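A look at the structure
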Amino acid sequence: MEEPPLREEEEEEEEDEGDEAGPEGALGKSPFQLTTEDVYDISYVMGRELMALGSDPRVTQLQFKIVRVLEMLETLVNEGNLTVEELRMERDHLRKEVEGLRREGSAASPEVNLGPDKMVVDLTDPNRPRFTLQELRDVLQERNKLKSQLLVVQEELQCYKSGLIPPREGSGRRREKDVLVARASSASSNKEEKTIIRKLSA
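Residues numbered from 1 in each chain as written. Predicted model: local features only at pLDDT ≥ 70, side-chain atom pairs only at ≥ 80, totals over all residues. Heavy atoms only, no water.

**A look at the overall build of the protein chain**
Per the secondary structure count, the protein chain includes five helices and zero strands. If you list the helices and strands of the protein chain from N to C, you get α-α-α-α-α. For the protein chain, the residues scored as buried account for 8% of the 202 residues in total. For the protein chain, restricting intrachain contacts to residue pairs at least 6 apart in sequence, the fraction spanning at least 24 positions comes to 34%. Roughly 18,100 Å² of accessible area belongs to the protein chain as shown, and the carbon and sulfur atoms make up 56% of that amount. (Helix = DSSP H or I, 4+ residues; strand = E, 2+ residues; numbered from the N terminus. Buried < 20%, exposed > 50% of the residue type's maximum accessible area, 1.4 Å probe, protein only. Contact = heavy atoms within 4.5 Å. Areas by Shrake-Rupley, 256 points an atom, 1.4 Å probe, with all protein chains shown as cover.)

Right, here's the structure in full:
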C-alpha cells in the first residue's frame, strides 16, 4: 500500500520536470541524450497524433509498426544508458587508482622537475645507457678506421701469399720465416677444406 503513494509522488516530480519542456521536448533532443522517459514521451505524442487520425485500418497497421520501432528505441536507449553508466564507473575507478598511485609516488620520492633534454636512469637496470651519443660516435669512427686498416693489411697479406709482392730483404730472416709459416698454414688449411668438401660430397 505504501508503494502506490510513492509512485504518485514520483509521477508528480516527473510531471513537474516534463511540464518545463513538455512531451514534445523529447523529439528535440539529441539521440545520444535520450532517456527511457523521453521514449515514453515520444510514444505519448505519437499516440495522440494517431488517435487524431481516426480508426482507419491503415492507421492501425501504422500504429503497430510505430509501437515496434518505439520498443526498439527504448531497448537501444536502455543499453546506451547502461554502457554510459559502466564507463562512468570505470572512469571513476581509474581516477581513484591514479590518485592513489600519485600519492604513493609522491610519498616514496619527491618529484624532480626535469627539463626536456633530461632523463632519469635506473642504475640497477642492465640495459641502461652507459655512454653519451658523442662517445658512441667516436667509438664507431674508430672501429670503421680500424676495419679499413684491417682490409688493407689483409689485401697486402694476400699479395705476399700469392707472390705478387716479394718479401722485403731489409726486414730480416724473421719476416721470411713468418711468410713461410703463413704459406704452410694456408696450404694445410686448403688441404683440410678439400678433404671436408670431399667428405660432404661423398
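**A closer look at the nonpolar core**
In terms of nonpolar packing, the biggest core is built from nine residues, these being Ala26, Leu34, Val39, Ile42, Leu50, Val59, Ile66, Leu70 and Val77. Counting residues per element, the ones that place at least two in this core are helix H2 (36–53) and helix H3 (57–108). Looking at which element gives the most residues to this core, the answer is H3, with four residues. Excluding residues that lie within four positions of it along the chain, Val77 makes contacts with Leu34, Thr35, Thr36 and Val39. (Core = buried A, V, L, I, M, F, W, Y, C linked by side-chain atoms within 4.5 Å.)

**Some details on the UniProt feature "coiled-coil region" (unreviewed entry) in the protein chain**
Those places that UniProt annotates as "coiled-coil region" (unreviewed entry) correspond, in this numbering, to residues 70–104. Secondary structure across residues 70–104 comprises 100% helix and 0% strand; the distance between its end C-alpha atoms is 51 Å. (UniProt positions renumbered as here; feature names shortened; annotations may be inferred.)

**As for H2**
Along an α-helix, residues three or four positions apart point the same way, because every turn accommodates 3.6 residues. Taking 1.5 Å of rise per residue, the 18 residues of H2 would be expected to cover 26 Å, and the 26 Å separating its terminal C-alpha atoms lies within 8% of that figure. Turning to H2, its buried residues are Thr36, Asp38, Val39, Ile42, Val45 and Leu50. Where H2 terminates, the next one or two residues include Gly54, which has phi positive at roughly 110°. (Expected span 1.5 Å × (residues − 1).)

**Concerning a nonpolar patch on the surface**
Nonpolar side chains collect at one region of the surface, where Met119, Val121 and Leu123 lie side by side and expose about 330 Å² of accessible area between them. Along the chain, Val121 turns up in the loop between H3 and helix H4 (133–162). Judged by relative accessible area, Val121 falls into the partly exposed class, the value being 34%. (Patch = residues over 30% accessible without salt bridge, like charges linked within 9 Å, V, L, I, M, F, W, Y side chains within 5 Å. Salt bridge = Lys/Arg side-chain N within 4 Å of Asp/Glu carboxyl O.)

**A few points about the side chain of Asp38**
Looking at the secondary structure, you find Asp38 in helix H2. If sequence neighbours within four positions are ignored, Asp38 has contacts with Ala26, Lys29 and Gln33.

**Regarding H4**
Over its 30 residues, H4 extends 43 Å from the first C-alpha to the last, a length consistent with the 44 Å expected when each residue adds 1.5 Å. In the stretch just after H4, Gly163 is the one whose phi turns positive, near 90°.

**A short note on the confidence of the model for the protein chain**
The predicted coordinates should not be examined in detail at positions where pLDDT is low. Averaged over every residue, the pLDDT of the protein chain is 75; residues scoring 70 or more account for 68%. Of all the helices and strands in the protein chain, helix H1 (residues 3–21) carries the lowest mean pLDDT, 46, while H4 carries the highest, 91. (pLDDT = per-residue confidence, 0-100.)

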